[in-house]
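What follows is the residue order along each chain.
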Protein chains: 2
Amino acid sequence: MRITNQREIILEELRKLKTHPTADELYDVVKKRLPRISIATIYRNLERLSEEGMIHKLEYGGRQKRFDGDMRPHCHVFCVKCGRVSDVETKNDVNIMDMVLDSKGFKIFEGGVQFEGLCPLCQKGDDCETLQ
Amino acid sequence: MRITNQREIILEELRKLKTHPTADELYDVVKKRLPRISIATIYRNLERLSEEGMIHKLEYGGRQKRFDGDMRPHCHVFCVKCGRVSDVETKNDVNIMDMVLDSKGFKIFEGGVQFEGLCPLCQKGDDCETLQ
DNA sequence: GTATTTAATAGTAATAATTATCAAAAAGGA
DNA sequence: TCCTTTTTGATAATTATTACTATTAAATAC
Ligand SMILES: [Mn+2]
Ligand SMILES: [Mn+2]
Ligand SMILES: [Zn+2]
Ligand SMILES: [Zn+2]
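Here the residue numbering is sequential within each chain, running from 1 through the sequence in written order. Working convention: letters from A go to chains and numbers from 1 go to ligands, in the order in which they are written. Totals for whole chains, interfaces and linings use every residue, but because this is a predicted model, local features are given only for residues with pLDDT of at least 70 and side-chain atom pairs only at 80 or more, for both listing and counting. With hydrogens and water excluded, all non-hydrogen atoms of the structure serve as input to the side-chain values.

Undergrad: Would you mind going over the protein's contact with DNA strand C with me for this structure?
TA: Taken together, 18 residues are adjacent to DNA strand C, and A:Tyr43, B:Thr4, B:Arg36, B:Thr41 and B:Arg44 come closest. A breakdown of the atoms of DNA strand C within 4 Å of the protein gives sugar and phosphate a share of 73%. Under this definition, polar contacts are N or O atom pairs within 3.5 Å; protein pairs additionally need one hydrogen-donor-capable and one acceptor-capable atom, and for neighbouring residues in sequence, both atoms have to be side-chain atoms. Contact distances for DNA strand C include 2.5 Å between a phosphate oxygen and a side-chain N or O atom of A:Tyr43. Taking B:Arg44, its side chain carries an N or O atom lying 3.4 Å from a base nitrogen of DNA strand C. Each helix is a run of DSSP H or I of at least 4 residues and each strand a run of E of at least 2, with the numbering of both proceeding from the N terminus. Only α3 (39-51) of chain A together with α1 (5-16) and α3 (39-51) of chain B provide two or more residues apiece to the surface near DNA strand C. Per-element accounting of the surface near DNA strand C gives the leading share, 5 residues, to α3(B). Under this grouping Gly is polar, as are all residues other than the nonpolar Ala, Val, Leu, Ile, Met, Phe, Trp, Tyr, Cys and Pro and the charged Asp, Glu, Lys and Arg. Residue composition of the surface near DNA strand C, grouped by class: 4 nonpolar, 6 polar and 8 charged. A molecule or strand has a residue near it when one of that residue's heavy atoms lies within 4 Å.

As structure tokens, then:
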């Protein structure tokens, strides 16, 4: 995979963020360094980088995918109201993959615990849906 | 909640299916019994039934929502290629909620294990994306 | 039983997120 | 440098979902 300037900066900015941004949220950040970048380039590269195993694509509830530059294994919680995602610190004494008894023919290569909840903002009753 | 004919048949057909159908997949099934039903009625009722806790809405970010008429607690695996969802049988000896050490201000009310993998069709290399 | 109110439906328009397309530019050799 | 391949920016197209609205059906009041 070629390391273009766009690709490098997208990865760099994603890694800086601890917010698990959506494509358009990351677009807003990257635009500050590359004002002429296209949203399509963001989508394309996030897809590509996750294929290459350099970032995580988070397909949790909510209508938008989110992305994570932190490749260390860890759990997430997502807000069922606004879709925000946060890391969760957990005890590390369970091997999830060992729990499977029957996967109905699916080849499983990843398993993780996901929590659902309300983010601090949504707990306050803020209508933060639109900020998502 | 009124029990209309449409609502009843949507619930009935969803419960028959073990496939975790999308709204449009269920639409195709229900149409056989109610040829004049609207896709909007399917969406509306699936939303309503899940609000009432009668069915599960399975949300995978950036993908079509899927629905499950089986309310017994169980785990799912979804195919990262085509989005199909299947039940996973698991050992039932872990209390996920006890694993949390720090949820960064999120109020957590549910936690579950979710698996990612490839469905039997996608393993064969079938381009089943369109059949989804 | 008929009138009035309320909820649900079908059909379709609007919206939001993502993906596809394509000509131009950039990257990486030979 | 010249040639080939990859990537990009701009935008069109698609997909999934939600919103809207006139009509119909159900429930309740009279
Ligand atoms: Mn994370
Ligand atoms: Mn299920
Ligand atoms: Zn929230
Ligand atoms: Zn598949």
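Undergrad: Looking at this structure, how should I read the state of the cysteines?
TA: Throughout, disulfides are identified as pairs of cysteine sulfur atoms within 2.5 Å of each other. Applying the stated criterion to the full structure yields 0 disulfides over all chains. With no disulfide of its own, B:Cys75 lies closest to A:Cys75 among cysteine sulfurs, the gap being 13 Å. Note on exposure labels: buried denotes an accessible area under 20% of the residue type's maximum, exposed denotes more than 50%, and partly exposed covers the range between, all computed with a 1.4 Å probe on protein chains only. B:Cys75 sits in the buried class, given a relative accessible area of 12%.

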